[in-house]
Amino acid sequence: MIKIKNILKDSTADKLGIKPGDIILSINGDKITDYIEYNYKISDYKFDLEVKKKSGQIITYTVKRDFNKKLGIEFDNIIFDGLNICKNNCIFCFVDQQPEGLRDTLNIKDDDYRFSFLQGSYITLTNLKQKDYERIIKYNLSPLNISVHSTDPKLRYQMMKNPKAKEINKQLACLKRNNINFNTQIVLCPGINDGVNLDKSIEDLSKYYPNILSLAVVPVGLTKYKNERLRTYKKEEVKKILNQIDQWQDRIYNKYGENFLYASDEFYLTADNNIPEYDHYNQFLQLENGIGITRIFRDNYQQHYKKRVKDLNNNTNYTKYHILTSVLGKKAIEPVINDINKNQKKVRLEIEVVNNSYFGLTVTVAGLLTSKDLLKKINKNKYQNVIIPKVTLNDNDKFLDNISIAEFKNKVKDSNIYISDGIGDLMEVLIDG
């Protein structure tokens, strides 16, 4: 059963009389398990859509598709038969390190290949059954996004506490054999899967080229509720990791003619190393992992917005803005903000670092700032004009701690709150208010 959330106006479904709240029972007599199968079924020129109306009446619509027109049915979810829940017990699992009171979705430990294909989330492959592999191959669900962490079977099992974790090389070989591409990631933990273990993982994963599209190496994220066995990396350790990755990038490029190995922005910012140039990122396949965002922000400013800085002098009154961000967020945007301040006189931007007391001071990325810590900073300092990064909010404009932006603004009535999603938004705020 699939409940319909919305019907697009003047669409095929709208003209048939299908309504929000109606329930799809089957397509061509088949039960539909997810959005992938739904799209596959409705791609035919003609099909039967069995619908249960709000009144309880069951109607079978014979749908004839006009390929220039959308069917127009929208849903709340993309999985109709229940989410595949993760059965791992990873030593670094971020969900296990969270306090109470967060958005409900943040407490769900999913490991569903359909989310991986449709929405870019990472899966471990440990929870897949044979029928899942068959569907992946049948529908050519490529690329998938896969958390590897280590290609050493014994070490991967120790990190993930699931016997199926040992099968990673067999699983990746199966995907390659069936021409399924994949992006991969390694969450690096001090003294566990780094050093020679990282060398082995990179070397093993390189064998899956060209089906391996990218490999991201990111530092373990730890809150104050962390596993005591784990710690964060020190600056000098990060520099060594970046040097190690740099050497591997050269080897990969020399062998394959392109690079697919990337370190997270977090590593470069922590080490105070230069952010690689734009061409280094090769289509930016790992943006969701925080890889290349800093480079895009800085380059977009230089290429598209720096010339508009002088427009700020057209503002009638001198205005000061306070940009609230994290420790590493400041490092990422500081060169751009300094240049804006330098090249005009009517606007002043101050970067204000918000310490993450909610998750703990070891959390230094902007995307994990909560409304509570942001409010504390604003109310203490009485800022008049505040700019908050959009990355702190989800698609429904809610912070991690389940507070909406509307509720947030009500708690800071003496401040003007602006939301910025990149340099374009920031310049709009500064020029147009």
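The structure under discussion appears in the preceding block.
Residues numbered from 1 in each chain as written. Predicted model: local features only at pLDDT ≥ 70, side-chain atom pairs only at ≥ 80, totals over all residues. Heavy atoms only, no water.

Participant: Describe the nonpolar core, with residues and values.
Facilitator: Of all hydrophobic cores here, the largest spans 85 residues; its most connected members are Leu-175, Ile-340 and Leu-430. Among all residues touching Leu-430, those that are not within four sequence positions of it are Leu-312, Asn-315, Tyr-321, Ile-340, Val-347, Leu-349 and Ile-387. (Core = buried A, V, L, I, M, F, W, Y, C linked by side-chain atoms within 4.5 Å. Buried < 20%, exposed > 50% of the residue type's maximum accessible area, 1.4 Å probe, protein only. Contact = heavy atoms within 4.5 Å.)

Participant: Give me the environment of Gln-384: which residues, what numbers.
Facilitator: Positionally, Gln-384 belongs in the loop between helix 12 (371-381) and strand 12 (385-389). Note on Gln-384: relative accessible area 54%, which makes it exposed. In contact with Gln-384, other than residues within four places in its own chain, are Asp-414, Ser-415 and Asn-416. (Helix = DSSP H or I, 4+ residues; strand = E, 2+ residues; numbered from the N terminus.)

Participant: Now, about the sheet that holds strand 8 (residues 212-219): what can you tell me, with residues and values included?
Facilitator: Pairing in this open sheet of four strands is parallel, and the strands run 6-7-8-9 from one edge to the other. Because the sheet does not close on itself, it has two edges, and the strands there are strand 6 (144-147) and strand 9 (261-263). Taken over all neighbouring pairs, the strand axes of this sheet differ in orientation by 20° on average, direction set aside. Contacting strand 6 and strand 7 (182-188), helix 6 (residues 168-177) runs over the sheet at an angle of about 165° to strand 6. (Pairing = 2+ DSSP bridges. Axes fitted to C-alpha atoms, helices over the stretch in contact; angles between N-to-C directions.)

Participant: How would you sum up the side chain of Arg-135? Please name residues and give values.
Facilitator: One can find Arg-135 in helix 4 (residues 130-138). The class of Arg-135 is buried, set by a relative accessible area of 16%. Polar contacts involving the side chain of Arg-135 include one to the side chain of Tyr-113, which spans 2.8 Å. Residues in contact with Arg-135, not counting those within four places in the same chain, are Thr-33, Asp-34, Glu-37, Tyr-113, Arg-114, Asn-140 and Leu-141. (Polar contact = N/O pair within 3.5 Å; in protein donor to acceptor, adjacent residues only side chain to side chain.)

Participant: Can you tell me about the packing of aromatic side chains, naming the residues and giving the values?
Facilitator: Ring pairs (aromatic) are described by centroid distance and by the angle formed between their planes. Counted by the stated rule, this structure contains 17 aromatic pairs. Each ring, one from Phe-182 and one from Tyr-208, has its centre 6.2 Å from the other, and the planes form 65°; the classification is edge-to-face. Of this pair, Phe-182 sits in strand 7 while Tyr-208 sits in the loop between helix 7 (196-206) and strand 8, and the two are 26 residues apart along the sequence. For the pair shown, Phe-182 and Tyr-208 are each scored as buried. Ring centres of Tyr-281 and Phe-284 lie 5.1 Å apart, and the angle between their planes is 20°; this geometry places the pair in the stacked category. Here Phe-284 falls in the buried class, since its relative accessible area comes to 11%. A cation over a ring is seen here: Arg-114 above Tyr-113, with NZ or CZ 5.8 Å from the ring centre. One Lys or Arg, Arg-251, reaches over the ring of Trp-248 and ends 3.9 Å from the middle of that ring. (Phe/Tyr/Trp six-rings, centres within 6.5 Å; stacked < 30°, edge-to-face > 60°. Lys NZ or Arg CZ within 6 Å of the ring centre and 35° of its normal.)

Participant: Which residues make up the environment of Trp-248, and what values do they have?
Facilitator: Along the chain, Trp-248 falls in helix 8 (residues 235-256). Along the sequence, Trp-248 and Asp-199 sit 49 residues apart, while their C-alpha atoms lie 8.3 Å from each other. With residues up to four places along the chain from it excluded, the contact list for Trp-248 reads Asp-199, Ile-202, Glu-203 and Leu-261.

Participant: Describe helix 11 (residues 327-342), with residues and values.
Facilitator: Given a rise of 1.5 Å per residue, 16 residues ought to cover 22 Å, and the 22 Å separating the end C-alpha atoms of helix 11 matches this to within 8%. Along its length, helix 11 reaches its greatest deviation from straightness, about 50°, at Ile-333, and the proline Pro-335 lies no more than four positions downstream. Listed as buried for helix 11 are Leu-328, Gly-329, Ala-332, Ile-333, Val-336, Ile-337, Asp-339, Ile-340 and Asn-341. Where helix 11 is buried, its residues touch helix 9 (265-271), helix 10 (293-305), strand 10 (319-325), strand 11 (347-353) and helix 14 (423-432). (Expected span 1.5 Å × (residues − 1). Bend = angle between axes of the 7 residues up to and from the residue.)

Participant: Tell me about the sheet that holds strand 1 (residues 2-7), and please be specific about residues and values.
Facilitator: Spatially, five strands are ordered 4-3-2-1-5 in an open sheet, and the strand pairing comes out antiparallel. Among the strands making up the open sheet, the edge pair consists of strand 4 (58-64) and strand 5 (73-75). Between one strand axis and the next, the sheet turns through 45° on average, direction left out of account. The pairing of strand 3 (residues 46-52) with strand 4 spans seven bridges and is classified as antiparallel. For Glu-50, the partnering residue across the bridge sits in strand 4 and is Thr-60.

Participant: Requested: an account of empty space enclosed by the protein, with residues and values cited.
Facilitator: Counting across every chain of the model gives one cavity of 30 Å³ or more. Lining the largest cavity are Ser-326, Val-327, Val-354, Asn-355, Asn-356, Leu-361, Val-363 and Thr-364. Per-class residue counts for the lining of the largest cavity are four nonpolar, four polar and no charged. (1 Å grid on protein atoms, 1.4 Å probe; cavity = no way out; pocket = protein on both sides within 12 Å on 5 of 7 lines; lining within 4 Å. Points joined across faces, edges and corners; volume = space filled by probe spheres on them. Nonpolar A, V, L, I, M, F, W, Y, C, P; charged D, E, K, R; others polar.)

Participant: So what's going on with the side chain of Ser-206? Which residues, and what values?
Facilitator: Position of Ser-206 among the secondary structure elements: in helix 7. Residues in contact with Ser-206, not counting those within four places in the same chain, are Ile-252, Tyr-256 and Phe-260.

Participant: Quick rundown of helix 8? Include the residues and the values.
Facilitator: Between its terminal C-alpha atoms helix 8 stretches 31 Å, which fits the 32 Å expected from 22 residues at 1.5 Å a residue. Taken residue by residue, helix 8 has Val-238, Ile-241, Leu-242, Gln-244, Ile-245, Trp-248, Gln-249 and Ile-252 as its buried positions. Along the axis of helix 8, the buried positions cluster into a sector of 165°, meaning they face one direction only. Turned more than 90 degrees off the buried face of helix 8, the exposed positions are Lys-240 and Asn-254. Contact partners of the buried residues in helix 8: strand 7, helix 7, strand 8, strand 9 and helix 9. Where helix 8 terminates, the next one or two residues include Gly-257, which has phi positive at roughly 85°. (Arc of directions from axis to C-beta.)

That's the geometry; what it means functionally is another story.
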